[in-house]
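Secondary and tertiary structure notes
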Amino acid sequence: EDQVTQSPEALRLQEGESSSLNCSYTVSGLRGLFWYRQDPGKGPEFLFTLYSAGEEKEKERLKATLTKKESFLHITAPKPEDSATYLCAPAGGADGLTFGKGTHLIIQP
Amino acid sequence: SQTIHQWPATLVQPVGSPLSLECTVEGTSNPNLYWYRQAAGRGLQLLFYSVGIGQISSEVPQNLSASRPQDRQFILSSKKLLLSDSGFYLCAWSSGVGNTIYFGEGSWLTVV
C-alpha cells in the first residue's frame, strides 16, 4: 500500500526565513511525485512534478527536489503570500494520487 | 485551456437526505475524472475515479456513489447522508494515469 508522510505538520516562519518541507513516501513503481499548494477553502493548485531521483524544479521562491524515498520543498526568503498548506502526492501504478496530510505553512511579516 | 467546474459550492443537508454534487470539465476530451474528500484534520482521500463513460472505480466503501453519464460530466450521489459524510469534496481531472491531476474549487458539505 502506498504511504506518504509529510513533516512538519505545521511551520511558522518569519518573512525572509528560509526552510524546507519534507515528504517521505513508499510507492511501488513511482510514476512521478507531485507538489500542490492549497489555500483555505480552495482546491489544491498544482506546483511541480518530479519524475526521477536527482531532479529539481524551481518556481519563484520554491524549489522541489527528489530522492528515491523523499522529496523536499525548499522555500527561500518566503513572503506572507506563501502562506498555505503544501501537499505532496506520489503517483504509483494505480490511478489517482495518494496525498500526504500536508504542511501548514505560516509566514509572518 | 481546460477548466473544471463543480457545484454547489456550499451545501447544508439534514441526516438521511439525498446528495448530488456535479462536476464538468471543459477544453479536453476523454479525461480521467476523480472525486476526493478532505475531512477536517485529514488528508485528501480518493473516493472514485473514472476512465470513461459508465466506468467507475470505487476506492473506499461508503454510502456514496458516482456516475459518469457523459464524457466530461461526473456526479457524486448519496441516497441517505450520514453525519460522517460532512467534508470538503473535490472533483478533479487528468489526461491519463500518472499525469498531473487538476482540481476544481471544491464543495463544502455539512450534514446536520
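Predicted, not measured: the structure shown is a model, and the values here were computed from it. (Residues numbered from 1 in each chain as written. Chains lettered and ligands numbered in written order. Predicted model: local features only at pLDDT ≥ 70, side-chain atom pairs only at ≥ 80, totals over all residues. Heavy atoms only, no water.)

Our focus in this paragraph is the nonpolar core. A:L33, A:W35, A:F48, A:L62, A:L73, A:Y86 and A:L105 are the most contacted members of the largest nonpolar core, which has 22 residues in total. Residue assignment for this core shows that the elements contributing at least two residues are β2 (10–14), β3 (19–26), β4 (32–38), β5 (45–50), β7 (62–66), β8 (70–75), β9 (84–91) and β10 (103–108) of chain A. When residues no more than four places from it in sequence are discounted, the contact partners of A:L73 are A:S19, A:S20, A:L21, A:W35, A:F48, A:L62, A:K63, A:A64 and A:Y86. Counting 20 residues, the second-largest nonpolar core is a separate cluster that includes B:L21, B:C23, B:V25 and B:C91. (Core = buried A, V, L, I, M, F, W, Y, C linked by side-chain atoms within 4.5 Å. Buried < 20%, exposed > 50% of the residue type's maximum accessible area, 1.4 Å probe, protein only. Helix = DSSP H or I, 4+ residues; strand = E, 2+ residues; numbered from the N terminus. Contact = heavy atoms within 4.5 Å.)

This part takes up the pairing of β4(A). Residues and elements named next belong to chain A. Most of β4 sits inside the fold, with seven of its seven residues counted as buried. Side chains G32, F34, Y36 and Q38 of β4 all project onto a buried face; the interleaved residues L33, W35 and R37 project onto the opposite face, where all are buried too. As defined by bridge partners, β4 adjoins β5 across five bridges and the pair is classed as antiparallel. Bridge pairing in β5 places F34 opposite T49. Turn length for the β4-β5 hairpin, with the two strands adjacent in sequence and antiparallel, is six residues, and the turn residue G41 shows positive phi of about 75°. (Pairing = 2+ DSSP bridges.)

Inspection of every chain in the model, using the stated rule, returns six salt bridges over all chains. In this structure, the salt-bridge partner of A:E55 is A:K57, at a minimum N-O distance of 3.6 Å. (Salt bridge = Lys/Arg side-chain N within 4 Å of Asp/Glu carboxyl O.)

What follows is about the side chain of A:T103. Residue and element names in this part refer to chain A. Within the secondary structure layout, T103 lies in strand β10. A polar contact is formed between the side chain of T103 and the backbone oxygen of P8, at a distance of 2.6 Å. Residues contacting T103, with those up to four places away along its chain left out, are Q6, S7, P8, E9, L11, L21, A84, T85 and Y86. (Polar contact = N/O pair within 3.5 Å; in protein donor to acceptor, adjacent residues only side chain to side chain.)

With that out of the way, let us pick up the sheet that holds β4(A). Residues and elements named next belong to chain A. Spatially, five strands are ordered β2-β10-β9-β4-β5 in an open sheet, and the strand pairing comes out mixed. At either end of the open sheet lies a strand with only one pairing partner, and these are β2 and β5. Between one strand axis and the next, the sheet turns by 25° as a mean value, whatever way the strands run. Here β2 runs beside β10; their pairing, made up of five bridges, is parallel. Each bridged residue has a counterpart across the sheet, and for A10 the counterpart in β10 is H104. (Axes fitted to C-alpha atoms, helices over the stretch in contact; angles between N-to-C directions.)

Residue and element names in this part refer to chain A. The five strands are arranged β1-β3-β8-β7-β6 in an open sheet whose pairing can be described as antiparallel. The open sheet terminates on both sides in strands that have one partner only, identified here as β1 (3–7) and β6 (56–59). Mean inter-strand twist for the sheet, computed between neighbouring axes without regard to direction, equals 15°.

The partner chain A presents 20 residues to the 22 residues of chain B that form the contact. With both chains or domains summed, chain B and chain A bury close to 1600 Å², and 58% of this area falls on carbon and sulfur atoms. In terms of surface lost to chain A, no three residues of chain B exceed B:L44, B:V97 and B:G98, which account for 28% of the buried area on that side. At the surface where chain B touches chain A, the tally comes to zero salt bridges. Linking chain B to chain A there are three residue pairs in polar contact (both at pLDDT 80 or more). For the side of chain B that touches chain A, the elements supplying multiple residues, two or more each, are β4 (32–38), β5 (44–52), β9 (87–94) and β10 (102–103) of chain B. When the residues that make up the side of chain B that touches chain A are grouped by side-chain class, the tally is 13 nonpolar, eight polar and one charged. (Buried area = accessible area lost by both parts, 1.4 Å probe. Nonpolar A, V, L, I, M, F, W, Y, C, P; charged D, E, K, R; others polar.)

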